[in-house]
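Close look at the chain arrangement
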Amino acid sequence: MDAFKIQGGVRLRGEVQVSGSKNASLPIMAAALLSSGNSVLQGVPDLADVRAFTQVLERMGVRTKRAGDVLELDASSIAQYEAPHELVRTMRASILVLGPLVARFGSAKVLLPGGCAIGARPIDQHLKGLNRLGAKIELEHDYVLASAPGGLRGTDVVFDMPTVTGTENLLLAATLARGTTVLRNCAREPEVIDLVAALCAMGADIEGAGTHEITVRGCTELRPYIHRVIADRIECGTFLIAGALAGDPLTVVGGVGVVEHQMALIGKLRAVGVEVDIDGDRITVARPSTIGAVDVQTAPYPGFPTDMQAQFMVLLALGKGTSLVTETIFENRLMHVAELNHLGANIRVEGDSAIVNGIPQLSGSTVTATDLRASACLVLAGLVADGETVVRRIDHLDRGYEHLEVKLRAMGARITRFTEIQARTSVRHPRNRQRLGNPALKPQVSLKVGPYSTQAM
Ligand code: EPU
């Protein structure tokens, strides 16, 4: 497993370019399944999740070609309507193939995504919606089988909660259903709007993206798309927090929607005393003389993103005063608290909330990433902690941040990637703490590091 070694206390300056959005790319890649011919997706980030999803599609028979940030996908001849087991296990977003496959071919078989570190993450809303569209849904062992030999038919679907990939899956399916589908209580995230833009480029007839009610008039056939994906708002937000922690100053340069999608975060940055200067698609931030305290509650877009909660907590950990951070989307997304406390932070978890008592300085140590956004949080903490911080298990980070250490180094950060050899058991991993407390369960820890490398994932 790879890890980062970070020398803290270095100020960051200059400009950083935001990559294309991971969570917009994945559903738009799935949209390529809806037509024959060559779809062209531009601005696709080079990430582990994108590579895994490309493989999922390839194994079904989709021909793919990647050149720089352009990914071509041709689903003219699909060999199997089944997502391969071992690949789906590695990424929950694979469920996004269910809607397009059953809509175009009348049949789909996908491994049930299990829970993951941040929560149970059920898919009942996806299945209920597809069933409303006329698909027969069966669960067989660990698989979801969806079939609609006569095709899907338009109907009304009301989501119990706004679900991002649930809305996307139903949008993908409804484009090829007979008649009109009205989706209510939809997610309004920018990634949903971007998917709709790509579907409209394919000839779909969709109204209401970005609102809670989306109407899809189904058509019999779609053509391939040419589409540029929006900028990654979570990567952008992560760099804005890096700027607020260590910027001297730091300018984040984005693509489509980069400023508009940051308004909730920018509001909170200003509330803790960070000056945010917006000029077109460039956002400049610097570390203020004092960081303040503010309460934050995650919410669906346009509220404060759950995907930014961990990173923003680093700022609050260094704020003057006490802040309350409440996670309302996922039930287990405060695992980074224990790791931040290991760096000296004073944070207490109570139910879904973290009570953050700001301290003047974090101190470097070895910490372990537990999920994608938690790993970004620990990297940010390492950038400002005293001395050296090692962030282990950055395979999580590689799923969603394109060349993060390369970008940070270009701004002045002292961060290197290295491979941990024979690190069979993480001493610092929360799961292993209990074992370590019990001599009978004590693992044999063999932790050697090296050789150093600066590979960019
Ligand atoms: N939910 C259900 N049933 C469903 C679907 C969702 O109960 O059928 C619940 C979830 O358990 C959760 C809430 O609804 O409590 C919202 O979940 P949502 O479905 O919106 O999440 P998702 O689509 O699985 C996407 C992103 C996540 C991001 C969330 C929330 C992708 C591939 N993933 O997940 O991104 O946190 O929306 O904005 O788009 C990340 O990038 O690190 C990440 C986890």
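Above this note sits the structure.
An account of the accompanying structure is given in this report. (Residues numbered from 1 in each chain as written. Predicted model: local features only at pLDDT ≥ 70, side-chain atom pairs only at ≥ 80, totals over all residues. Heavy atoms only, no water.)

Notes on the overall build of the chain
For the chain, the helix and strand inventory stands at 15 helices and 24 strands. Over its C-alpha atoms, taken along the principal directions, the chain stretches across nearly 65 × 55 × 45 Å. A fraction of 74% describes how many contacts in the chain between residues 6 or more apart in sequence connect residues 24 or more apart. (Helix = DSSP H or I, 4+ residues; strand = E, 2+ residues; numbered from the N terminus. Contact = heavy atoms within 4.5 Å.)

As for helix α1 (residues 22-31)
Within α1, nine of the 10 residues are buried, which leaves it mostly tucked inside the rest of the structure. Listed as buried for α1 are K22, A24, S25, L26, P27, I28, M29, A30 and A31. Put simply, S21 is the residue that caps the front of α1, since its side-chain oxygen is 3.4 Å from the backbone nitrogen of N23. (Buried < 20%, exposed > 50% of the residue type's maximum accessible area, 1.4 Å probe, protein only. Polar contact = N/O pair within 3.5 Å; in protein donor to acceptor, adjacent residues only side chain to side chain.)

Side note on the sheet that holds strand β15 (residues 276-279)
As a general point, the strands of a sheet are linked pairwise by backbone hydrogen bonds and lie either parallel or antiparallel. With mixed pairing, four strands are arranged side by side in an open sheet as β2-β14-β16-β15. Across the chains shown, the open sheet's two edge strands, defined by having one partner strand only, are β2 (12-17) and β15. The sheet shows a mean angle of 15° between the axes of neighbouring strands, direction not considered. With four bridges joining them, strand β14 (residues 247-253) and strand β16 (residues 282-285) adopt antiparallel strand pairing. Within the sheet, the bridge partner assigned to L250 lies in β16 and is V285. Together, β15 and β16 form the strand contacts of helix α9 (residues 263-271), whose direction differs from that of β15 by roughly 140°. (Pairing = 2+ DSSP bridges. Axes fitted to C-alpha atoms, helices over the stretch in contact; angles between N-to-C directions.)

Thoughts on a negative patch on the surface
On the surface, a cluster of negative charge is made up of E275, D277, D279 and D281. Take E275: its relative accessible area is 71%, and that puts it in the exposed class. (Patch = residues over 30% accessible without salt bridge, like charges linked within 9 Å, V, L, I, M, F, W, Y side chains within 5 Å. Areas by Shrake-Rupley, 256 points an atom, 1.4 Å probe, with all protein chains shown as cover. Salt bridge = Lys/Arg side-chain N within 4 Å of Asp/Glu carboxyl O. Lys, Arg positive; Asp, Glu negative; His and termini not counted. Charge placed at Lys NZ, Arg CZ, Asp CG, Glu CD.)

Considering the packing of helix α6 (residues 164-174) against helix α7 (residues 190-201)
Following both chains from N to C, one finds α6 and α7 inclined at 15°, their axes separated by 10 Å at the closest point. In terms of orientation, α6 lies roughly parallel with respect to α7. For α6 against α7, the interelement crossing comes out right-handed. Taking contact as the criterion, the partners of V164, T167, E168, L171 and L172 in α6 are, on α7, E191, V192, L195, V196 and L199. The residue inventory of the contact of α6 with α7, partitioned by class, reads seven nonpolar, one polar and two charged. (Parallel < 35°, antiparallel > 145°, perpendicular 65-115°, else oblique. Left-handed = near helix turned anticlockwise from the far one by under 90°. Nonpolar A, V, L, I, M, F, W, Y, C, P; charged D, E, K, R; others polar.)

Some words on the packing of aromatic side chains
Going through the model one piece at a time under the given rule, you end up with two aromatic pairs. Judged by centre distance (4.6 Å) and plane angle (15°), the rings of Y81 and F105 are stacked. With Y81 in the loop between β5 (70-74) and α3 (85-90) and F105 in helix α4 (residues 98-105), the pair connects residues that are 24 residues apart, well separated along the chain. The class of Y81 is partly exposed, set by a relative accessible area of 31%. Measuring from ring centre to ring centre gives 5.4 Å for F304 and F312, while their planes differ by 65°; the resulting arrangement is edge-to-face. Given a relative accessible area of 4%, F304 falls into the buried group. Here the guanidinium or amino end of K109 rests over the ring plane of Y143, the centre of that ring lying 4.7 Å away. (Phe/Tyr/Trp six-rings, centres within 6.5 Å; stacked < 30°, edge-to-face > 60°. Lys NZ or Arg CZ within 6 Å of the ring centre and 35° of its normal.)

Digging into the pattern of salt bridges
Taken as a whole, this structure holds 23 salt bridges when the rule is applied. Among the salt bridges present, the one from R184 reaches E213, with a minimum N-O distance of 3.0 Å. Taken together, the residues span a long stretch of sequence, with R184 in strand β10 (residues 180-184) and E213 in strand β12 (residues 213-217) at a distance of 29 residues. A relative accessible area of 28% means that R184 is categorised as partly exposed. Since its relative accessible area comes to 40%, E213 is described here as partly exposed. For the salt bridge of E405 with R417, the shortest nitrogen-to-oxygen distance reads 2.7 Å. Remark: R417 occurs in strand β23 (residues 414-421) and E405 occurs in helix α14 (residues 404-410); sequence separation between them is 12 residues.

Purely spatial values, then, with no claim about function.
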